[in-house]
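Residue-level structure breakdown
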Amino acid sequence: YIGSFHDIGVSSVMVAQGYDSMGQGDATSIATDGDIGVGFSMLHATVEHRGSAGTGPYDWQVDFTVTDLSPAGTVTTYTADECLTGVAPSYQHGMLGDSMGGLPAGYACVEHTFSSGKYKVEAAVSMVNSSSPDENSANDDGYGVFDARNNDPVLSLSLTTQGDIKVGDIVTFD
């Protein structure tokens, strides 16, 4: 007997940034981990049907968790099942699956504002009201670790002199 394998999973987790001051427009940068800026961001997850041919459709949702990794860190959670603005392509919620009414992939995104610090951004997909359980929990989540850095000013100095500077000379800057 060969049965059907029911599975959906997260294939990517990203932080999109670079919107205008009102959080509108298109993202100018997308990161899967590493350095990001502070301020308005869109957390974005791509989810996929990964089960047997002909299985589904499945209703689904993504739970995002943003964990501040500082000693007194906070945890913020969000739930989404679509991504209408902020990250292309615009996606309106649909069922996942390889059968009538199912799509091979879906997208979820939410707004988040980062302060300076180190963060772990996780996305976990789950089936909603499904008569068939997800049979592979190993691919249900993904994450990235991000360092949110403020664009602090950088100071550089150059020194021009007439003659040599010797040890013990006093140098002043105006």
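What counts and how
- Residues numbered from 1 in each chain as written.
- Predicted model: local features only at pLDDT ≥ 70, side-chain atom pairs only at ≥ 80, totals over all residues.
- Heavy atoms only, no water.
- Helix = DSSP H or I, 4+ residues; strand = E, 2+ residues; numbered from the N terminus.
- Contact = heavy atoms within 4.5 Å.
- Buried < 20%, exposed > 50% of the residue type's maximum accessible area, 1.4 Å probe, protein only.
- Pairing = 2+ DSSP bridges.
- Disulfide = S-S within 2.5 Å.
- pLDDT = per-residue confidence, 0-100.
- Axes fitted to C-alpha atoms, helices over the stretch in contact; angles between N-to-C directions.

Tracing the backbone shows methionine 42 in strand β4 (residues 39-49). Separated by 12 residues in sequence, methionine 42 and isoleucine 30 place their C-alpha atoms 9.3 Å apart. Other than its neighbours up to four places away in sequence, methionine 42 contacts Met14, Val15, Ala16, Tyr19, Thr85, Gly86, Val87, Cys109, Val110 and Glu111.

Turning to the pairing of strand β5 (residues 59-68), a few remarks are in order. Most of β5 sits out of view: seven of its 10 residues are buried. Here β5 pairs with strand β8 (residues 117-128) via 10 bridges, running antiparallel. Within the sheet, the bridge partner assigned to threonine 67 lies in β8 and is lysine 120. Relative to strand β6 (residues 75-80), β5 is paired through six bridges, and the arrangement is antiparallel. In the strand pairing of β6, valine 62 is matched with alanine 80.

The next point concerns the side chain of serine 132. By the secondary structure assignment, serine 132 is in the loop between β8 and β9 (141-149). Classification of serine 132 by relative accessible area gives buried; the value is 17%. Apart from the residues lying within four places of it in its own chain, the contact partners of serine 132 are His6 and Met127.

Glancing now at the state of the cysteines. Scanning the entire structure with this criterion turns up one disulfide. Two residues share a disulfide in this structure: cysteine 83 and cysteine 109, whose sulfurs sit 2.0 Å from each other. Looking along the S-S bond of the cysteine 83-cysteine 109 disulfide, the torsion reads about 95°, which is the right-handed sense. Of this pair, cysteine 83 sits in the loop between β6 and β7 (105-114) while cysteine 109 sits in strand β7; the two residues are 26 residues apart in sequence, bridging distant segments of the chain. As far as burial versus exposure is concerned, cysteine 83 and cysteine 109 are alike and both buried.

The subject of this paragraph is the confidence of the model for the protein. Note that predicted coordinates carrying low pLDDT should not be read in detail. Across the protein, the average pLDDT comes to 90, with 93% of residues at or above 70. Across the protein, β6 holds the top mean pLDDT of 98, while strand β2 (residues 29-31) sits lowest at 94.

Further remarks concern the sheet that holds strand β1 (residues 8-17). Spatially, β2-β1-β4-β7 is the arrangement adopted by the four strands of the open sheet, whose pairing is antiparallel. Edge positions in the sheet fall to β2 and β7, since each of these pairs with one other strand and no more. Strand-to-strand, the axes of this sheet are offset by a mean angle of 30°, without reference to chain direction. Where β1 and β2 come together, three bridges link them in antiparallel fashion. Within the sheet, the bridge partner assigned to glutamine 17 lies in β2 and is serine 29.

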